[in-house]
Every structure is written in structure tokens, then in C-alpha cells.
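Structural overview
Spelled out from the first residue to the last, the chains are:
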Amino acid sequence: MDDYKRTKKLEEFMNLYSRKIFNFFNYAIGNKEEAKDLVQDVFLKVYKSLPKFRGDSSPYTWIYKIAINTLRNYIRQKKIKKIFSLEKIPEEIQMGYDPPSRPHSLLYDAFKEMPQDLKEVILLYYYEEYGTKEISEILDIPEGTVKSRLYRAREFIKNYFEKRGIYGV
Amino acid sequence: MECEKYKEFLWDYLEGKEIPYEVLKHIENCNFCLKEMEKIKKTLEILNNLKENLIEPYDIKEDVFEEIEKYERLRKNVKNFSLITTPVFFIFLLFIMFNFYKNKKAIEIIYPEEAQVLIPEEVYFTFKIPKNKNFVVQIDTNDITENIEFFGEVCFFDASDFEMDPGYHIFKISIFDEKGKIIKKVEKTFYLTNYKSGEYAYSP
């Protein structure tokens, strides 16, 4: 693949998927600035591995695999930094969402407390509208695990809402 | 509780998926499940709206291309650097290997020819070593260990200086370079027949 084709392909992918991935990250980590950086990382990785991409899976699935790995690395590093207290995350950054209407801001809050493995599945399912089979491909886990995580994630949100009285008394 | 078993199906049902008839029958007649379904319905409404609450992002393209430019520049630099350094590294490696080989080859221990050595003819070890280099030779017998520093092309070592008893003696000879790294190690047995002073008569 020559440089021109490679750049063109990357541009095409960015036009198609950067917005979606950015929002996916924003939901997943709740920080717009860091979501931006992560999207850049993803597309830099896409650029680097484009010559190796054989098209065995759809580009979308392939890019999402890269995105999930980038997200996981980010979260791992964040955890390590937290353990060693190298970085104190200021409150305003932690809460750095664009606050939408109430149920949605509650959903954001729920995501913040949801375990990472459940969050990945529920975002891929409802936000990206992937089927359970595709999610199992992206996350490299059996479809049965995807289904059980999806169920646990849904119940997590339902219970979260219930505790905060969103369903009324 | 029976409802607990069916909980998972409630989500599927509300998402329009097929569920077993038995479950459907239960749901229709269960107040608890109907209440649960109300909650699930509301939750799904919110979840299904996830896509509609998107933030319009800035255009990331410019930043990504900037990063790519940096990456390519770095890659080219590394490439150029390795183009220069690789041959240098190999030449250096060859030089080290050559020197190592030379050192190994150049040190020659010329033993006394005979296994049986008559003293006072004495045991001489002749070392042929490279010029202008320092080596330490350690001669180790059961009785004595001696370090001798050599400097020069050919040196002799007179074992009879040690006043050893007549009989079989194993001479362990180790040669070290200046850094204390061992270069050569050999073992040789000699039968010493006489004491230097001539006190012992030869008797095989």
C-alpha cells in the first residue's frame, strides 16, 4: 500500500468512525479531553497497522478492536497512576461530561460506577448497535459471556435508576 | 421465586426477540413481572437514546495527521540511524571477536617435553604471549598457588623454585588478562624425580 492510498484510507475511516468512537470513549471514561486524545491514539494505530490489515473482518470491527484495546490500556494506566498517587484527578475533570438531560446524566453516572467489562458490552450493544456475535468477536470472548455481561449491565443500570427513584414510587 | 428465572427474558421480550411460550404465559399473569417490565421499558428508552445524545466532536483529522508526521519523521530518523549504526556495530563486533581469537591463539604454553622431569634440570614453562600486554599466570599445584605477572613476548616460569617433593604433581595453569578474565586454563601432570638441591636421588 503506497503512502497516498494509506492516507486516503485513513481519512475515509476517520470520516466514518471518529465521531462514533469519540462518543464511545466519552461514555466509557467520562472525560472529553482524554476521549479526544484516545481517538487520536486509535487512528494513529490504525495508520500504523493499515498495511497489515487484510480485510478478514470488517474495517469497523477491526477499528473497534483497536479502540477497545486502547481504552483498556488507558484504564490500566489510570489505575496504576492512582495506586501510586502520581496523578490526582481533579474533581472538575472527573465530572467533565457535557451534562445532558436528567435521565441521561444519571446514565453517565451509572457508567462511571459500572465495572469496565460490563460497560464495554453495553456500549457496544446499545451505542454501536453491534449484535452479540460481533461483540464476542471484538472482545474475543464467547457469545454466551457477552449475553451474560449484557444482562448484568442492564440490571446494573435498572437497579441504579431504581435506587435514585427514576421509576417513581 | 419463579420470576427470577424469567428475568432475563423480560429484556429480550421488550426488545422484540422471541421468548419461550411458557415464559410469555407467566409474564402475562404475573404482577411482579409486569412491574419489572415497566422499569425495563423506561431503561431501554434511555439506553436506546444513547446515540441521540452524541457530542459533536471537533475535527480530529488535523491532529491525527500531525501525529502521523511526527511518527514518520521519527521512523525515518531511526532508519537512518540504524543504517549508520548497523555496519559500525558489526565492525566493532568483528574487532572484538578478532581480538579475542588473537589473544587466545597468541598465548602458547610450551611445556617441558617429557612427562618425567629431572630436577635440577627443573620444570620450565615457556609462555609465548602477545607484546605489550599484561597477563597474570597462576600456577597451582597441590602444594602451592603462585601468581606471576608477565609482560613481554616470551617468559619462563621455573617450577623448581617451589621446592616441591619428588613424585607426581598436577600443575594447573590459568592465564588471566588485565581485567581478571580467564583466557586459558590447562592441566598437566609431571613426575618430579629430584629435589633442586639434589638431596633426592632419582628412582622411578
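Throughout this description, residue numbers start from 1 for each chain and increase along the sequence as written. Labels follow written order: the first chain is A, the first ligand is 1, and so on. Reporting of local features is limited, given that this is a predicted model, to residues whose pLDDT is at least 70; pairs of side-chain atoms are given and counted only at 80 or more, and all residues count toward the totals for whole chains, interfaces and linings.

Within chain A, the regular secondary structure consists of 8 helices and 0 strands. Taken from N to C terminus, the helices and strands of chain A fall in the order α-α-α-α-α-α-α-α. Exposure classification rests on a simple neighbour count of other C-beta atoms within 10 Å of a residue's own: a residue reaching 20 or more is buried, one at 12 or fewer is exposed, and one in between is partly exposed. C-beta atoms are placed from the backbone. Burial analysis of chain A (169 residues in total) assigns 32% to the buried set. Secondary structure elements follow DSSP: runs of H or I no shorter than four residues count as helices, runs of E no shorter than two count as strands, and numbering proceeds from the N terminus.

Our focus in this paragraph is the overall build of chain B. A tally of regular secondary structure across chain B gives 4 helices and 8 strands. Helices and strands appear in chain B in the N-to-C order α-α-α-α-β-β-β-β-β-β-β-β. Within chain B, the proportion of its 204 residues that are buried is 11%. Residue pairs qualify as contacts under a 7 Å threshold applied to their C-beta atoms, which are placed from the backbone. A fraction of 58% describes how many contacts in chain B between residues 6 or more apart in sequence connect residues 24 or more apart.

Take the interface of chain B and chain A next. Contacts between the two partners involve 22 residues from chain B and, on the opposite side, 27 residues from chain A. Counting residues per element, the ones that place at least two in the side of chain B that touches chain A are helix H1 (2-14), helix H3 (31-48) and helix H4 (61-106) of chain B. For this scheme, ten residues count as nonpolar: Ala, Val, Leu, Ile, Met, Phe, Trp, Tyr, Cys and Pro. Four count as charged, namely Asp, Glu, Lys and Arg, and the remainder, Gly too, count as polar. Here the residues of the side of chain B that touches chain A are counted per class, giving 12 nonpolar, 3 polar and 7 charged.

Peptide bonds are trans in most cases, and residues, glycine excluded, mostly fall at negative phi. All names here are of chain A. Positive phi, normally seen in glycine, also occurs at glutamate 129, with a value near 60°. Counting through the fold element by element, glutamate 129 comes out in the loop between helix H6 (116-127) and helix H7 (132-139). For aspartate 140, which is not a glycine, the phi torsion comes out positive at approximately 60°. Take aspartate 140: it is sitting in the loop between H7 and helix H8 (143-163). Accessibility expressed as a C-beta count within 10 Å gives 8 for aspartate 140, which makes it exposed.

Turning our eyes to something else, we now look at the packing of H7 of chain A against H8 of chain A. Residue and element names in this part refer to chain A. The N-to-C vectors of H7 and H8 enclose an angle of 105°; their axes lie 8 Å apart at closest approach. With respect to each other, H7 and H8 are oriented roughly perpendicular. Contacts from Thr132, Lys133, Ile135 and Ser136 in H7 reach Glu143, Val146, Lys147 and Leu150 in H8. Grouping the amino acids of the contact of H7 with H8 by side-chain chemistry returns 3 nonpolar, 2 polar and 3 charged. Each axis is a line fitted through C-alpha atoms, and for a helix only the stretch in contact is used; angles between axes span 0 to 180 degrees, taken between their N-to-C directions. Convention used here: angles under 35 degrees read as roughly parallel, angles over 145 as roughly antiparallel, angles from 65 to 115 as roughly perpendicular, and any remaining angle as oblique.

Before going further, it helps to examine the confidence of the model for chain B. Residues and elements named next belong to chain B. A residue-level look at chain B finds 62% of positions with pLDDT of 70 or above and a mean pLDDT of 73. pLDDT is a per-residue confidence score from the predictor, ranging from 0 to 100. Mean pLDDT per element in chain B: strand E2 (residues 116-117) is the minimum at 52, and H3 is the maximum at 88. Between residues 195-204, whose pLDDT stays under 50, and residues either more than four places distant or in other chains, the model counts 14 contacts. Interface predicted TM-score (ipTM) for the complex: 0.71; the corresponding pTM is 0.56.

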